[in-house]
Amino acid sequence: MAFAQFRPLERHPHTDEPFIRLPSPQDRIIITPPRREDVPSIVAILNDYPIKKWLDGPPFPYLNEHAEDWIARTKEQSDAVMQELRRANEEDPYGPLVTVSGCPVSCLRGVREDGTEVFLGVVEFTRCGYPDLLNGQERERIVSRNESRKRGDPETVWCIGYYLAAPLHRRGLMSCALRTLLEAWVVPRMGARRIRVETIIGNWGSIRVLEKLGFRIASTGGVWDAGEAEGCD
Ligand SMILES: CC(C)(COP(=O)(O)OP(=O)(O)OC[C@H]1O[C@@H](n2cnc3c(N)ncnc32)[C@H](O)[C@@H]1OP(=O)(O)O)[C@@H](O)C(=O)NCCC(=O)NCCS
């Protein structure tokens, strides 16, 4: 049977997970679904102040149970996307590529010479939650409309969450990971056309990553002094 629906996902030789490899010269880095054993690495990174200070979402202190919850939720979404692909592949293995509900890979891992892997960080695509909207009722209405949009609806507004272990910053890694996922999966396979990211003002590393990908700053200010970049079309 052809496995066209899974392209360009590869299958991990040891874990059977789907993964996407970054292009050269970053090709010792792969992106996979989360694993239970990632808990200590995630907890360490998200309690590291230089990382934490730029992230509005994760609780602080970030505890093992927070990481366990995130892993369980993210793995469930990854499994659901893989199920959509399996179904499409069974129904019409040679048919046009289907649009799916999400990205099944989110965790960056470095692969060492001996084949062991080290957790490096996260890049995840979720439907936008508009955390910067002040008016609660309006926010609820917009979020619920965005959530109710059908798979592949080009009007769906997506958001990106990302972080990387501090020693790896400024090597072009996150720009490469985001570009790879956008080009390989998020635009062609999720049908994403609108992406909106809020950053805390002064987070030049994050803003620069988005600029390099072609995002533009749409507005600044807001309840948490949030800056926002929008792009992708
Ligand atoms: C944002 C983050 C993921 C970027 O990862 P990264 O791998 O270092 O990003 P890249 O190396 O691909 O690109 C970073 C760019 O920002 C620039 N940059 C980084 N810090 C900067 C600063 N303080 N001032 C100006 N530019 C800065 C780098 O020079 C680079 O641009 P260049 O390629 O033109 O030189 C990483 O800094 C991080 O984990 N930050 C904490 C979490 C976070 O902010 N997440 C995003 C929330 S919106």
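Residues numbered from 1 in each chain as written. Predicted model: local features only at pLDDT ≥ 70, side-chain atom pairs only at ≥ 80, totals over all residues. Heavy atoms only, no water.

Per an unreviewed UniProt entry, the protein chain is named N-acetyltransferase domain-containing protein, and its organism is Lentinus brumalis.

A.B. asks: I'm lost on the UniProt feature "domain: N-acetyltransferase" (unreviewed entry) in the protein chain in this one. Help?
C.D. replies: UniProt's feature table lists "domain: N-acetyltransferase" (unreviewed entry) at residues 28-216, given in the numbering used throughout. For the annotated span residues 28-216, helix accounts for 42% and strand for 19% of the residues, and the straight-line distance between the end C-alpha atoms is 30 Å. (UniProt positions renumbered as here; feature names shortened; annotations may be inferred. Helix = DSSP H or I, 4+ residues; strand = E, 2+ residues; numbered from the N terminus.)

A.B. asks: Would you explain the pattern of salt bridges in this entry?
C.D. replies: Side chains that carry opposite charge are capable of pairing whenever their charged atoms lie near each other. Within the structure shown, the criterion is met by 11 salt bridges. Ionic pairing is found between arginine 109 and aspartate 38, a salt bridge with its closest N-O pair at 2.8 Å. Placement of arginine 109 in strand β4 (residues 107-111) and of aspartate 38 in the loop between β3 (29-32) and α1 (39-46) is noted, with a sequence separation of 71 residues between them. Neither arginine 109 nor aspartate 38 differs from the other in exposure class; each is buried. Here arginine 196 makes a salt bridge to aspartate 132, at a shortest N to O gap of 2.9 Å. Pair noted here: arginine 196 is in strand β7 (residues 194-200) and aspartate 132 is in the loop between β5 (117-127) and α4 (136-148), with a separation of 64 residues, a long-range link. Beyond isolated ion pairs, a larger network of salt bridges with shared partners links Glu17, Arg35 and Glu117. (Salt bridge = Lys/Arg side-chain N within 4 Å of Asp/Glu carboxyl O. Buried < 20%, exposed > 50% of the residue type's maximum accessible area, 1.4 Å probe, protein only.)

A.B. asks: Can you help me understand the site of the ligand in this one?
C.D. replies: Taken together, 21 residues lie around the ligand, and Tyr162, Arg170, Ser175, Asn203 and Lys212 are the ones closest in. Within the contact set of the ligand, an oxygen atom lies 2.7 Å away from a backbone nitrogen or oxygen of arginine 170. In isolation the ligand offers 950 Å² of accessible surface; the protein chains occlude 77% of this area. Of all the secondary-structure elements, those providing two or more residues to the shell around the ligand are β6 (157-164), α5 (173-190), β7 and α6 (204-212). Top contributing element to the shell around the ligand by residue count: α6, with six residues. Partitioned by chemical class, the residues of the shell around the ligand number nine nonpolar, seven polar and five charged. (Near = heavy atom within 4 Å. Polar contact = N/O pair within 3.5 Å; in protein donor to acceptor, adjacent residues only side chain to side chain. Areas by Shrake-Rupley, 256 points an atom, 1.4 Å probe, with all protein chains shown as cover. Nonpolar A, V, L, I, M, F, W, Y, C, P; charged D, E, K, R; others polar.)

A.B. asks: Help me understand α6 in this model?
C.D. replies: Since there are 3.6 residues in each turn of an α-helix, residues three or four apart along the chain are aligned in direction. Within α6, burial applies to Ser206, Ile207, Val209 and Leu210. Each buried residue of α6 sits inside an arc of 155° when the element is viewed along its axis, so together they form one side. A positive backbone phi angle near 100° is found at glycine 214, which sits one or two residues after α6. (Arc of directions from axis to C-beta.)

A.B. asks: Hey, could you run me through the side chain of aspartate 38 in this one?
C.D. replies: The buried category is assigned to aspartate 38, whose relative accessible area is 3%. Side chain to side chain, aspartate 38 and arginine 109 meet in a polar contact 2.8 Å long. Dropping the residues within four chain positions of it, aspartate 38 is found in contact with Ile71, Cys107, Arg109 and Phe119. (Contact = heavy atoms within 4.5 Å.)

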